Amino acid sequence: MENIFRELEKMLEEDGHQKVLLPLLIPEDILAVESEHIKGFEEEVFWITQGGNEQLERRLALRPTSEVILYYMFRSWLRSYKDLPVKLYQRAEVFRYETKATRPLLRVRQVYWNEAHCVHLTEEECMHQVMKAIEFYEKLFREICALENLLVVERPAWDRFAGAERTFALDCYIELTGRTVQVGTSHHLGQKFTKAFGVRVKLPDGSEAWPYSNSYGISCRVLGALILTHSDDVGLILPPRIAPVKAVVVPILYKGKEEEILEYAKEVVGQLQELLGSAVLDTREERPGWKFYYWEMKGVPLRAEVGPKDLENRTVTLVRRDTREKLCVKFEELGKAKDILEDIQRNLRERSKKMLENAIKLARTMEELEKILAEKKVALVPFCSTNLEGKECAEKIKQQLAAEVLGVDLRNQKSAAGKRCIVCGKPATVWVYVAKKY
Ligand SMILES: [Zn+2]
């Protein structure tokens, strides 16, 4: 998770974001300033009501997200158009009272995340940033986490972030269970929060304006999605770009040659560290087979075995984690390890891309939709509306099939002209994805 956040923060900082650390506790009256926002979080907030033995006069919320804390400060920080745009992010924990059964990494009450918040002078700039955030997340998920099983959608009106005008989301499709995991969101908040908190700026002509704002975030759910996508029966397979240990060297000690083999293994690990940035030598007193299994389970992308024959010929046996193929290389050719890691990254991306390609199926009737969901796939269906008038149809899908309308594909919008809503039969205006969710 550390490596994933670091990659993201590099992108955010290059884009001019500054890191902040915000308070964890929010007084009730501040949380209630934006009415839709508090309503949306009402059932999810943890409250602190007591300090020591004393009852508190005002309840304090454990932040479910940080918008209100920031806007409270923006009112004094932002005075002029010259103060804009402002782009901030924090890596922190937020708390949400989940009433459904919790699941490790996917549905938790203490969420470890990275949230960013920006304020812009114009709506156009603000929306541009909302889209830019999606691009950062796509790059992070696709290229770095090798999660190409990714749907990028605009959420329907009934599923927006509390207080947002538009919400965009990235959902990861999990082949194993046929469910999707929301791994990132980006929200256009319009002027709702700046107006609610009285954040106004002076324009060059002396008049005042309400600026526009947005927020976006990803959480430890991405790690859950990554484990569910890239594992096999043996254990985890980590994409090399985020693996904390890129390679492990396991010496296969042979009676009478222990010292020599160990010396050679040290030479190999030194070379791999230099080439890959990180590699470890496993000298624990266990059998080599036990060590192979141990590091495979941990998902380390590459294993280097060094035995008596390797010592004799100055070779190394490389085993890649994804395909478990073996390759014997000369010590001088260890540079190939780098190519193998790149190939593993490529392979994991390909695999996850295929998972999604195989999963998306068109449904024209509720029966077809039911069948697709039962086969653990994602359905693309014609739908009446993603505005509030479509909510009833979405509710029916939820009640009958325990699945949800994820939204409209942001990258690939095709015309629904001539089609009819799969639920109510009215003329369809959009194609939406329907899937079971975590
Ligand atoms: Zn409908």
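Up top you'll find the structure we're talking about.
This is a predicted model, so every value here is computed, not measured. (Residues numbered from 1 in each chain as written. Predicted model: local features only at pLDDT ≥ 70, side-chain atom pairs only at ≥ 80, totals over all residues. Heavy atoms only, no water.)

Brief notes about the overall build of the protein chain
Okay, so step 1: A tally of helices and strands in the protein chain yields 13 helices and 21 strands.
Okay, so step 2: Once the C-alpha set of the protein chain is aligned to its principal axes, its extents read approximately 80 × 55 × 50 Å.
Okay, so step 3: Here the protein chain, with 438 residues, has 52% of them falling under the buried criterion.
Okay, so step 4: Sequence separation of at least 24 residues holds for 69% of the intrachain contacts in the protein chain that already meet a minimum separation of 6.
Okay, so step 5: If you sum the accessible surface of the protein chain, you get close to 21,100 Å²; carbon and sulfur atoms cover 48% of it.
Okay, so step 6: Put simply, the protein chain has 68 plus and 67 minus side-chain charges, and the middle of one group is 3 Å from the middle of the other. (Helix = DSSP H or I, 4+ residues; strand = E, 2+ residues; numbered from the N terminus. Buried < 20%, exposed > 50% of the residue type's maximum accessible area, 1.4 Å probe, protein only. Contact = heavy atoms within 4.5 Å. Areas by Shrake-Rupley, 256 points an atom, 1.4 Å probe, with all protein chains shown as cover. Lys, Arg positive; Asp, Glu negative; His and termini not counted. Charge placed at Lys NZ, Arg CZ, Asp CG, Glu CD.)

Here's the deal with the coordination of the zinc ion
Okay, so step 1: Coordination of the zinc ion by the protein is provided by Cys384 (SG), Cys393 (SG), Cys421 (SG) and Cys424 (SG), with metal-donor distances spanning 2.3 to 2.4 Å.
Okay, so step 2: Here the zinc ion is ringed by four donor atoms whose angles at the metal span 101 to 120°, and the overall shape comes out tetrahedral.
Okay, so step 3: By relative accessible area, which is 9% here, Cys384 ends up buried.
Okay, so step 4: Exposure remark for Cys424: the relative accessible area of 33% places this residue in the partly exposed category. (Donors = N, O, S within 2.8 Å, 3.2 Å for Na, K, Ca; no water. Tetrahedral: all angles 85-135°; square planar, octahedral: opposite > 155°, others 65-115°.)

Quick notes on the packing of helix α12 (residues 366-374) against helix α13 (residues 391-401)
Pairs of packed helices are described in terms of their axes, by the angle between the two and the distance that separates them.
Okay, so step 1: Following both chains from N to C, one finds α12 and α13 inclined at 55°, their axes separated by 12 Å at the closest point. With respect to α13, the element α12 is oriented oblique. Note that α12 runs across α13; the crossing there is right-handed. Contacts between α12 and α13 involve Met366, Leu369, Glu370 and Leu373 from the former and Ile397, Gln400 and Leu401 from the latter.
Okay, so step 2: The residue makeup of the contact of α12 with α13, split by class, is five nonpolar, one polar and one charged. (Axes fitted to C-alpha atoms, helices over the stretch in contact; angles between N-to-C directions. Parallel < 35°, antiparallel > 145°, perpendicular 65-115°, else oblique. Left-handed = near helix turned anticlockwise from the far one by under 90°. Nonpolar A, V, L, I, M, F, W, Y, C, P; charged D, E, K, R; others polar.)

Brief notes about helix α1 (residues 2-14)
Along an α-helix, residues three or four positions apart point the same way, because every turn accommodates 3.6 residues.
Okay, so step 1: In this model α1 runs 18 Å from its N-terminal to its C-terminal C-alpha over 13 residues, within 8% of the 18 Å that 1.5 Å per residue would give.
Okay, so step 2: Turning to α1, its buried residues number three or more, namely Ile4, Phe5, Glu7, Leu8, Glu9, Met11 and Leu12.
Okay, so step 3: For α1, the elements touching its buried residues are β1 (18-19), β5 (86-95), β6 (110-120), α5 (123-144), β12 (212-219) and α7 (221-230).
Okay, so step 4: Looking one or two residues beyond α1, the residue adopting positive phi is Gly16, at roughly 90°. (Expected span 1.5 Å × (residues − 1).)

Some points on a positive patch on the surface
Okay, so step 1: Taken together, the side chains of Lys39, Lys100, Lys391 and Lys398 present a region of like positive charge at the surface.
Okay, so step 2: By the element assignment, Lys39 lies in helix α3 (residues 35-41). (Patch = residues over 30% accessible without salt bridge, like charges linked within 9 Å, V, L, I, M, F, W, Y side chains within 5 Å. Salt bridge = Lys/Arg side-chain N within 4 Å of Asp/Glu carboxyl O.)

So, the pairing of β5
Okay, so step 1: With nine of ten residues buried, β5 lies mostly within the body of the structure.
Okay, so step 2: Pairing geometry for β1 and β5, over two bridges, is parallel. Bridging across to β5, Lys19 finds its partner in Tyr89.
Okay, so step 3: Where β5 and β6 come together, ten bridges link them in antiparallel fashion. Looking at the pairing, Arg91 lines up with Asn114 of β6. (Pairing = 2+ DSSP bridges.)

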